[in-house]
Amino acid sequence: MATDYDAPRKNDEDVESDSIQELQARRSDKSSGVVDEDETEAAEGFELPGADLSGEELAVRVLPRQADEFTCTSCFLVHHRSQLAYEKNGQMVCSECAA
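Bear in mind that the values here come from a model prediction, so they are computed numbers and not experimental data. (Residues numbered from 1 in each chain as written. Predicted model: local features only at pLDDT ≥ 70, side-chain atom pairs only at ≥ 80, totals over all residues. Heavy atoms only, no water.)

**So, the overall build of the protein**
For step 1, the next point in the chain: Each helix and strand in the protein was counted, giving four helices and four strands.
For step 2, the next point in the chain: Each helix and strand of the protein, placed in order from N terminus to C terminus, yields the pattern α-α-α-β-β-β-β-α.
For step 3, the next point in the chain: Counting the 99 residues in the protein, one finds 7% classified as buried.
For step 4, the next point in the chain: For the protein, the exposed area adds up to about 9,600 Å²; of that, 50% sits on carbon and sulfur atoms. (Helix = DSSP H or I, 4+ residues; strand = E, 2+ residues; numbered from the N terminus. Buried < 20%, exposed > 50% of the residue type's maximum accessible area, 1.4 Å probe, protein only. Areas by Shrake-Rupley, 256 points an atom, 1.4 Å probe, with all protein chains shown as cover.)

**A word on the state of the cysteines**
Joining two cysteines, a disulfide is a covalent bond between their sulfur atoms.
For step 1, the next point in the chain: Enumeration over the complete set of coordinates arrives at zero disulfides.
For step 2, the next point in the chain: You can see Cys-72 has no disulfide; the closest cysteine sulfur is in Cys-75, sitting 3.7 Å from it.
For step 3, the next point in the chain: Unpaired in terms of disulfides, Cys-94 finds its nearest cysteine sulfur in Cys-97, a separation of 3.5 Å. (Disulfide = S-S within 2.5 Å.)

**Some thoughts on the nonpolar core**
For step 1, the next point in the chain: Counting residues in each nonpolar core, the largest one holds five residues, listed as Phe-70, Cys-72, Met-92, Val-93 and Cys-94.
For step 2, the next point in the chain: It is strand 4 (residues 91–94) that provides the largest number of residues to this core, a total of three residues.
For step 3, the next point in the chain: Excluding anything up to four places from it in sequence, Met-92 contacts Phe-70, Thr-71, Cys-72, Thr-73, Arg-81, Leu-84, Tyr-86 and Glu-87. (Core = buried A, V, L, I, M, F, W, Y, C linked by side-chain atoms within 4.5 Å. Contact = heavy atoms within 4.5 Å.)

**A short note on a nonpolar patch on the surface**
For step 1, the next point in the chain: Taken together, Leu-58, Val-60 and Val-62 make up a surface patch of nonpolar side chains, about 380 Å² in accessible area.
For step 2, the next point in the chain: Along the chain, Leu-58 turns up in the loop between helix 3 (39–44) and strand 1 (69–71). (Patch = residues over 30% accessible without salt bridge, like charges linked within 9 Å, V, L, I, M, F, W, Y side chains within 5 Å. Salt bridge = Lys/Arg side-chain N within 4 Å of Asp/Glu carboxyl O.)

**Brief notes about unusual backbone geometry**
For step 1, the next point in the chain: Even without being a glycine, Phe-76 presents a positive backbone phi close to 60 degrees.
For step 2, the next point in the chain: Tracing the chain through its elements places Phe-76 in the loop between strand 1 and strand 2 (78–80).
For step 3, the next point in the chain: Phi at Asn-89 is positive, roughly 55 degrees, even though this residue is not glycine.
For step 4, the next point in the chain: Along the chain, Asn-89 falls in the loop between strand 3 (84–88) and strand 4.
For step 5, the next point in the chain: On the basis of relative accessibility, which here comes to 76%, the residue Asn-89 falls in the exposed class.

**Thoughts on the environment of Cys-97**
For step 1, the next point in the chain: Looking at the secondary structure, you find Cys-97 in helix 4 (residues 95–98).
For step 2, the next point in the chain: For Cys-97, a relative accessible area of 30% gives the class partly exposed.
For step 3, the next point in the chain: With 25 residues separating them in the primary sequence, Cys-97 and Cys-72 have C-alpha atoms 8.4 Å apart.
For step 4, the next point in the chain: Those residues in contact with Cys-97, other than ones at most four positions away along the chain, are Cys-72, Ser-74 and Cys-75.

By themselves, these figures tell us nothing about what the structure is for.
Structural data, given as structure tokens:
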């Protein structure tokens, strides 16, 4: 909808003189309150309080691969033997990658 910025604006007296039918028509117009907002643009500018973790240090104990585990040659994750889908030429593939 184009807006004519040069047109005179309504003052308080003009607003009070609006007919009840015109006001009801504005209320029933469902699309007038809808705002098109790009969610990704809104998310880019949104920052959680305390989200700056640049000074934090992560301390995790890393265990070597256990005897009952294998490394999938497709996703390179370490899985338990129960998740082995197949082994072909010494290359083990997990059930998630085989699906």
